[in-house]
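A look at the structure
Spelled out, the chains give:
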Amino acid sequence: MSSNQQSDNVLSLRGISKTFGAVAALTDIDLDVAAGQVVAIVGDNGAGKSTLVKILSGVHPPDSGKIVFDSKTVEIPTPAAAHRLGIATVYQDLALCENLNVIQNLFLGQELRPLRLNDVAMETRSWDLLRQLSAKIPSVRVPVASLSGGQRQTVAIARSLLGDPKVIILDEPTAALGVAQTAEVLNLVERLRERGLGVIMISHNMADVKAVADTVAVLRLGRNNGVFDVNDVSSEDIIAAITGATDNAVTQRQARRKEGLSS
Amino acid sequence: MSTTVKNTATDRQDERLRSREGLRGAISDVVERARGGDLGVIPVVVGLIVIWSVLQILNPVFLSSANLVNLTLESAAVGVIALGIVCVLLVGQIDLSVGSVSGLSSAVLAVLFVSQGLPIWVAILGAVLMGAVVGWVYAQLFNRFGVPSFVISMAGLLAFLGLQLYVLGSKGSINLPFDSGLVNFAQLSFVPDWLSYTFAVVAAVWLFVSGYLHASERRRAGLSSKSTSMLAIRSAVLLAVLAFVVWYLGQTRGIGWMFVFFVGMVLVMHYLLSRTKWGRSVYAVGGNVEAARRAGINVKAVYTSVFVLCSSFAAVGGILAAARLAAANQSSGGGDINLNAIAAAVIGGTSLFGGRGTAFGALLGIIVIQSISSGLTLLNLDSSIRFVVTGVVLLLAVVVDSIARKSRTSHGRA
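These lines cover the structure that appears in this document, whether it is placed above or below.

Parameters at a glance
Residues numbered from 1 in each chain as written. Chains lettered and ligands numbered in written order. Predicted model: local features only at pLDDT ≥ 70, side-chain atom pairs only at ≥ 80, totals over all residues. Helix = DSSP H or I, 4+ residues; strand = E, 2+ residues; numbered from the N terminus. Rg over C-alpha atoms; globule rule 2.2 N^0.38 Å. Contact = placed C-beta atoms within 7 Å. Buried ≥ 20, exposed ≤ 12 C-beta atoms within 10 Å, placed from the backbone. Pairing = 2+ DSSP bridges. Axes fitted to C-alpha atoms, helices over the stretch in contact; angles between N-to-C directions. Parallel < 35°, antiparallel > 145°, perpendicular 65-115°, else oblique. Expected span 1.5 Å × (residues − 1). Arc of directions from axis to C-beta. Core = buried A, V, L, I, M, F, W, Y, C linked by C-beta atoms within 7 Å.

Remarks on the overall build of chain B
- Within chain B one finds 17 helices and two strands.
- Taken over C-alpha atoms, the radius of gyration comes to 23 Å for chain B, in line with the 22 Å a tight globule of 414 residues would show.
- Projected onto the principal axes, the alpha-carbon positions of chain B cover approximately 85 × 55 × 40 Å.
- Pairs at least 24 residues apart make up 78% of the contacts formed inside chain B by residues separated by at least 6 positions.

As C-alpha cells, this is what we get:
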C-alpha cells in the first residue's frame, strides 16, 4: 500500500509481534484499513488470524509494535478500551443470549435508563439499526433462539454498530451459513462499507473474499505474506500466498482434475 | 412500498407477520405460544385447578375460607425463600442451603431478641445481615475458586444447621413472646376489609394506567400497541379476581399482613427482574455467560448480588417462620422447607437450566405446594405420604419443564 494513502487509514498496524511462550504467533505484522474499505484477512490454520483479531479487540496486548487509530498511536489493553475507541468485533460464535429477544440482545450491557428500562426507545432504535442494514427480521420481540443463522449474524452485526464504531471486525461471518444466508451477510458487509466503516473480515472462503473485499491481506505462519488488491489477483494466487508455494496440495489437486478432464 | 406501510406500526411492517387484534387475537396468541412450548403459567394454573378439585372432593373443608386464609399465611415464609431460589435458578445456579440459612436466621433472631434482650428491629436486621453475609461468602467461593454452587451450598446446608444448633444452645428452643410486634404481625394482624378492597382497586387502576401510558408512548413512537379496550378488559378481569379473593377470604379472617408482605416482595422482585438493567443481566448470565461477559456485564457482580439476595430472602423467610411459630427451635428450617422452596420455584415455571422464569412463579408455585401440604394434613395423612406426594409433584413439574424445553427447541423458541 502506498504511503500517500496513509492519511486515509482509520487503522494502521506497524510491526506488531506477539509470542505465546516459545511460539511466535505474530511477527512484524503490518496492516492498513481505510474508511469504507473491506480488508479480508486470510491464512491457513495457525497463521495468526485469530491472534491478530484478539490484539485489535483488546483481548491480548501485543508484545511490540504500534497501533495507529484515527492518526493517533493508541494502546488497546481491554475489550472495553477497544469499544471506547470505536473498534467493534463480531465473534465467530456471535455471543448472543438465546433466551433474550432481539432488542434485549442488541442493548445488552448498554440498556437505556438502567433503573426503569426505556423499552420504547430501545425498540425504535433497534428498528432503525435493522432497517439501515435492510435486515429481514420480522419481529424484534422474538427470542434470538427462533432466528436463522443469517438473522443471528445480522443481530450480532447490528449490535456492534450500536456504539457508532469506525472499524468493525468480522470473524468468519459466513462460516456456518447456507448459500442464501451467506449472500445476505455479504450484502450486509457491503452496506457497512457504504456507511464508511472500515471492515476487517476474517475468512476461509475465497469466493466470499473475492465477492466483497477490496484488499486481501495474507498471513502465513505469523508473518505478512502479501497484500493484494482483490481485482488484480486470482484465487489461485491468494491460495499460493496462503500455502506459501505455487506447488501445493490445492494446485496439485486442480492439476490432477484438469488432466482427468482432458484425457 | 405503498401508503399502507406508512399507516402500519414500525414493528408490524414485515409482510410475514400475521396480525392479530382484539381479544380473539390475544387468545389465539396464547394458544399458539403454548403449542410451541412457551407454556408460561399454564401448567401451574391447570395443576392448581386439578389439585384443588381433588382435595375439595376428598375433604369439603379444603376450599373453605378459613382454610384458605391459613394457606396464605403458611405460604408466606417459604414463598419468600422460593423468591430467592427463583433468582439463583435464573442465573443457572442453585442454593440447597436455604432451609438451613432460614433456620439459622430464626435462631439468630430469637437469641438476639429474647436472650440478649435487644430491640426487635436490631434482631431482624442482625438475622438478615447474617443471611447476606452467607450469600456473600458463597459468591466469593463461587467466583474466586469456581466451586459448583450446589457443592458450596450443600456444605452450607450442613454447616449452618450445625451453627443453628450451636446458637440455640443446650435448651434447643427459644420462645418468642406473644405480645411482641413480630408475632402479632405474623399471627394476628389482618388487613381491614376496606383496605383490602382499596388494594384491589389500586392494583387494577394501576395496571390500566401504566398500560395506557405505555401504549400511548408506543403509539407516539410509531410502534404497535395494545388497544385501550384490551387494557380495560385486562384491568376489569384483575379487579374481579382480586375482589372475589378479598371477599371470599374476608368471610373469615381476611388477608394477613404477612401475606401482603410476601406479595409486596414478589412485586418488587418482578419490577427488578423485568424493568431494570440488573434484571436483564441476570437473565443474560443465565442464558449465556460468555455473551454476557463480552457485552460488558460484570458477571461476578451479578452472581454475587444473586447469591446475597437468595440467602437474605432465606433469612427473611426464617424470620417469618419463627414469627408464625412464635419460637425458634432445632427443627426450624429443617424437614421439607428446603425442597419445598425449590419445588415452588420450579413448579412456578422457573427453568432449572437458567435464564427463564418470573417472580410471580414463586407465588403460584408456593400456593401449589402449600395446597398439597394443607390438603394432606386435612386428610389426616402423615408426613410420609406428604413427602411422597410433594416429591411426585416436583418431578412432574420438572418433566413438564423438560418437555416444554424440547417443544420450544422444535418450534424454534428455545
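What to know about the overall build of chain A
- A tally of helices and strands in chain A yields nine helices and 10 strands.
- Its C-alpha radius of gyration of 20 Å places chain A within 12% of the 18 Å reference for a compact globule of 263 residues.
- Dimensions of chain A, computed from the C-alpha atoms along their principal axes, are close to 65 × 50 × 40 Å.
- Within chain A, the proportion of its 263 residues that are buried is 44%.
- Residue pairs in contact within chain A that sit at least 24 positions apart in sequence constitute 67% of those at least 6 positions apart.

What to know about the sheet that holds strand 5 (residues 72-74) of chain A
All names here are of chain A.
- Spatially, the four strands line up as an open sheet ordered 2-1-4-5, and their pairing is antiparallel. The outermost strands of the open sheet, each flanked by one partner alone, are strand 2 (23-34) and strand 5. Strand-to-strand twist of the sheet, defined as the mean angle between neighbouring strand axes without regard to direction, takes the value 25 degrees.
- Both strand 1 (residues 9-20) and strand 4 (residues 64-69) contribute to a ladder of five bridges, which runs antiparallel.

Some thoughts on the pairing of strand 9 (residues 215-220) of chain A
All names here are of chain A.
- By the criterion of burial, strand 9 is predominantly enclosed, with five of the six residues buried.
- Sheet topology note: the strand 3 (residues 38-43)/strand 9 ladder contains five bridges and is parallel. From the neighbouring strand, glycine 43 faces strand 9, where its bridge partner is leucine 219.
- Inspection of the sheet shows strand 9 paired to strand 10 (residues 223-229) by five bridges, in the antiparallel sense. The partner of valine 216 across the bridge, within strand 10, is phenylalanine 228.
- In this antiparallel pair of consecutive strands, strand 9 and strand 10, the connection spans two residues, and leucine 221 shows a positive phi of 50 degrees.

A look at the packing of helix 12 (residues 277-287) of chain B against helix 14 (residues 299-325) of chain B
All names here are of chain B.
- Across the interface, helix 12 lies against helix 14 with an axial gap of 10 Å and an inter-helix angle of 100 degrees. Looking at the two axes, helix 12 sits roughly perpendicular to helix 14. Contact with helix 12, carried on its side by Trp278, Ser281, Val282 and Val285, involves Val299, Val302, Ser305 and Val306 of helix 14 and no other residues of that element.

Looking at helix 11 (residues 257-275) of chain B
Residues and elements named next belong to chain B.
- Here helix 11 contains 19 residues, and its C-alpha end-to-end distance of 26 Å stays within 8% of the 27 Å for a straight helix at 1.5 Å per residue.
- Those residues of helix 11 not exposed but buried are Met258, Phe259, Phe262, Met265, Val266, Met269 and Leu273. Along helix 11, the residues classed as buried sweep out an arc of 115 degrees about the axis, all on the same side. In helix 11, the exposed positions that point more than 90 degrees away from the buried face belong to Gly264 and Val268.

What to know about the nonpolar core
All names here are of chain B.
- Within the largest apolar cluster, 178 residues are counted, with the highest numbers of intra-cluster contacts made by Ala82, Ile85 and Leu109.
- Tallying contributions element by element places helix 4 (residues 65-90) first for this core, with 17 residues.
- Contact partners of isoleucine 85, with chain neighbours within four places excluded, come to Asp95, Val98, Cys310, Ala341, Ile342 and Ala345.

Considerations on the pairing of strand 8 (residues 198-202) of chain A
Residue and element names in this part refer to chain A.
- Burial analysis of strand 8 places five of its five residues in the buried class, which makes it a mostly covered element.
- Burial of the side chains of strand 8 extends over both faces: Gly198, Ile200 and Ile202 are buried on one face and Val199 and Met201 on the other.
- By the bridge criterion, four bridges tie strand 3 to strand 8 in an arrangement that is parallel. Opposite valine 38, over in strand 8, you have valine 199 as the bridge partner.

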